[in-house]
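Structural overview for review
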Amino acid sequence: MATSAIVQEQPPFVVGLRCLRCGTTYRVGELDYVCSCRPNTGSDLGTLDVIYDYQALAQAIPPGQLMADPDRGIGRFWPLLPLARRESLPPLPVGDTPLLAVPRLADSLGLRHLFIKDDGRNPSASLKDRASAIAVARAREQGAAVVATASTGNAAAALAVLSAAAGQPNVIFVPKAAPPAKIAQLLVHGSLVLAVDGSYDQAYDLCLAACREFGWYNRSTGYNPYMTEGKKTVSLEIGAQLAQAQTDLAGPAPFLAPDAVFVSVGDGCILGGVHKGFQDLLALGWIDRMPRLYGVQSTRSAALYNAWRAGREVPAPVEATTRADSISVDAPRDPFKALRAVRETGGAFLAVPDEAILAAILPLARLAGVFAEPAGAAALAGLAQAVEQGLVRPDETVVVINTGSGLKDVGAAMEAGGAPVVIPPTLEAVRKALADSSGRRPQD
Ligand SMILES: Cc1ncc(COP(=O)(O)O)c(C=O)c1O
Ligand SMILES: [Zn+2]
């Protein structure tokens, strides 16, 4: 890929980039996207890992220092980010989302230590803000005129919001069928929105071609190696928040690893990012073991699940038809990082039916107070299946990541939540409605 014309300042602790396919290493700025061993489209791109000098970082920065930073968002992790300057991050608070102890939901699953990391509470209401913040920051450091992305909706919404905050022109390729709330976000924040009359995969390939043609900076998942680095901040926060929550049990420690983490999967970039965050903490000696990572797909979009079951390195494309639009992907673009995350940590991929995904919106909402879009709820549906299969023990510490807010797809929420009781404006009607609901408490 083209080397940026602008001489880049170097992120202080990044030593380079390494291809997951062929092992070739590159200096930062030597290339922007994927390795030349496989530069085209499809599932077997030459995806790159960003490599840090952990020894130098651990010597320079004590672990407590990051968490004591007055910046509560992802900026506090700046030494572990691929940025030359912390000020390159857009001026919106990304990250620092709550890790919620959810005892009622835990009870319903027969677990004792269950937490929800609610990433629906980011500025654009999904985890993708973590990656898009890095995209905007790197675009600024490289002097890119335009940033573009293909997206099932949330990565684009995140790019739109963060670009607006930073004054960064941007072009978005989304499938025309993305939920209206996500498209509305793009429009109000001023992106050029190209709603592709086709699938996400077609939008992805078109964005790639357009970026090559017009010289735009491409944020697309799996193609841009730095997106993993943004997404990994969710794990850095989980490690810190768990340590805080469990000080009584474990004694004071700045970071603590859970036993298992559940996250939904489309392209596989979030799962790869979750893995990278815990790997960073382990390499720095700030946690003493890795959690098992579980990637949850819909049975109607299960390319990575299928590949994992079959022991394949490159997933065979599927025809994705899941209602969980954020994880509806034919050919996953970040398969190597996702498969590695599960294989190296002794986790698993799980495939859950769409009915279980929509149904899982309700316990999250009613037992934990968390409103999730279908892709977020899929992670909980995966945990329920894992408990059934005996993959998780009752006494283990488990984290489920809600990757997106329920307000992103109100249609799906209405399908799960049912219809309201429509009544005339009389007390009599209220009495009748109460009688009809026969003993059902309002919160059930
Ligand atoms: C809410 C939500 N959950 C999960 C995912 C899946 O992430 P990935 O495609 O990186 O696997 C996405 C991606 O768009 C998302 O928006
Ligand atoms: Zn390569």
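Everything below is about the structure printed above this text.
A brief look at the structure comes next.

**Here we look at the sheet that holds strand β1 (residues 14–19)**
Within the open sheet, the three strands sit side by side as β2-β1-β3. Their pairing is antiparallel. Strands with a single pairing partner mark the edges of an open sheet, and in this sheet they are β2 (25–26) and β3 (48–52). Bridge analysis of β1 against β3 gives five bridges, and the strand direction is antiparallel. Residue pairing in the sheet places G16 in a bridge with I51 of β3.

**Notes on the packing of helix α9 (residues 233–245) against helix α11 (residues 269–283)**
Packed helices, taken two at a time, are described by the angle their axes make and the gap between the axes. With their axes 7 Å apart at the nearest point, α9 and α11 run at an angle of 50° to one another. By the angle between their directions, the pair α9 and α11 is classed as oblique. Handedness of the α9/α11 crossing: right-handed. Residue-level contacts link T233, V234, S235, L236 and G239 of α9 to G273, V274, G277, F278 and L281 of α11. Residue classes in the contact of α9 with α11 are distributed as five nonpolar, five polar and no charged.

**Things to note about the pairing of strand β5 (residues 113–118)**
Where burial is concerned, most of β5 is hidden: six out of the six residues are buried. Neither face of β5 is open: one carries H113, F115 and K117, the other L114, I116 and D118, and all of them are buried. In the sheet, strand β4 (residues 99–101) pairs with β5 via three bridges, with the strands oriented antiparallel. When the sheet's bridge partners are listed, L100 is paired in β5 with I116.

**Details of the site of ligand 1**
Ligand 1 sits among 21 residues. The nearest are N154, G266, C269, T403 and G404. At the level of elements, α5 (154–166), α11 and α15 (374–388) are the ones that each hand at least two residues to the shell around ligand 1. Considering every element that reaches the shell around ligand 1, the biggest residue donor is α11, with three residues. Of the residues that constitute the shell around ligand 1, the class distribution is seven nonpolar, 11 polar and three charged.

**A short note on the environment of A365**
Structurally, A365 can be placed in helix α14 (residues 354–368). Spatially, the C-alpha atom of A365 lies 37 Å from that of V50, the residues being 315 residues apart in sequence. When residues no more than four places from it in sequence are discounted, the contact partners of A365 are V370 and F371.

**Some details on the packing of helix α4 (residues 129–142) against α5**
Look at α4 against α5: their axes get within 8 Å of each other, and the N-to-C directions meet at 45°. With respect to their mutual orientation, α4 and α5 come out oblique. Seen along the crossing, α4 lies across α5 with a hand that is right-handed. Within the contact between the two elements, α4 uses D129, A131, S132, A133, A135, V136 and R140 and α5 uses A155, A158, L159, L162, S163 and A166. The residue makeup of the contact of α4 with α5, split by class, is nine nonpolar, two polar and two charged.

About the cut-offs
By convention here, each chain's residues receive numbers from 1 onward along its written sequence. Here chains are named by letter from A upward and ligands by number from 1 upward, in the order in which they appear as written. Totals for whole chains, interfaces and linings use all residues, but because this is a predicted model, local features are given only for residues with pLDDT of at least 70 and pairs of side-chain atoms are given and counted only at 80 or more. By this definition, two strands are paired if DSSP reports at least two bridges between them. Here a strand is any run of E in DSSP of at least two residues, a helix any run of H or I of at least four, and the numbering for each starts at the N terminus. Axis geometry follows a simple rule: fit a line to the C-alpha atoms, using only the stretch in contact for helices, then measure angles between N-to-C directions, giving values from 0 to 180 degrees. By definition in this entry, angles of less than 35 degrees are roughly parallel, angles greater than 145 are roughly antiparallel, angles of 65 to 115 are roughly perpendicular, and the rest are oblique. Handedness of a crossing is defined here by the sense of rotation of the near helix relative to the far one, left-handed for an anticlockwise turn of less than a right angle and right-handed for a clockwise turn. Residues are defined as contacting one another if the C-beta atoms placed from their backbone atoms lie within 7 Å. Three residue categories are used. Nonpolar comprises Ala, Val, Leu, Ile, Met, Phe, Trp, Tyr, Cys and Pro, charged comprises Asp, Glu, Lys and Arg, and polar comprises the others, including Gly. Three exposure classes are used. Buried residues have 20 or more other C-beta atoms within 10 Å of their own C-beta, exposed residues have 12 or fewer, and partly exposed residues fall in between, all C-beta atoms being placed from the backbone. Being near a molecule or strand means, for a residue, that its C-beta atom, positioned from the backbone, comes within 6 Å of it.

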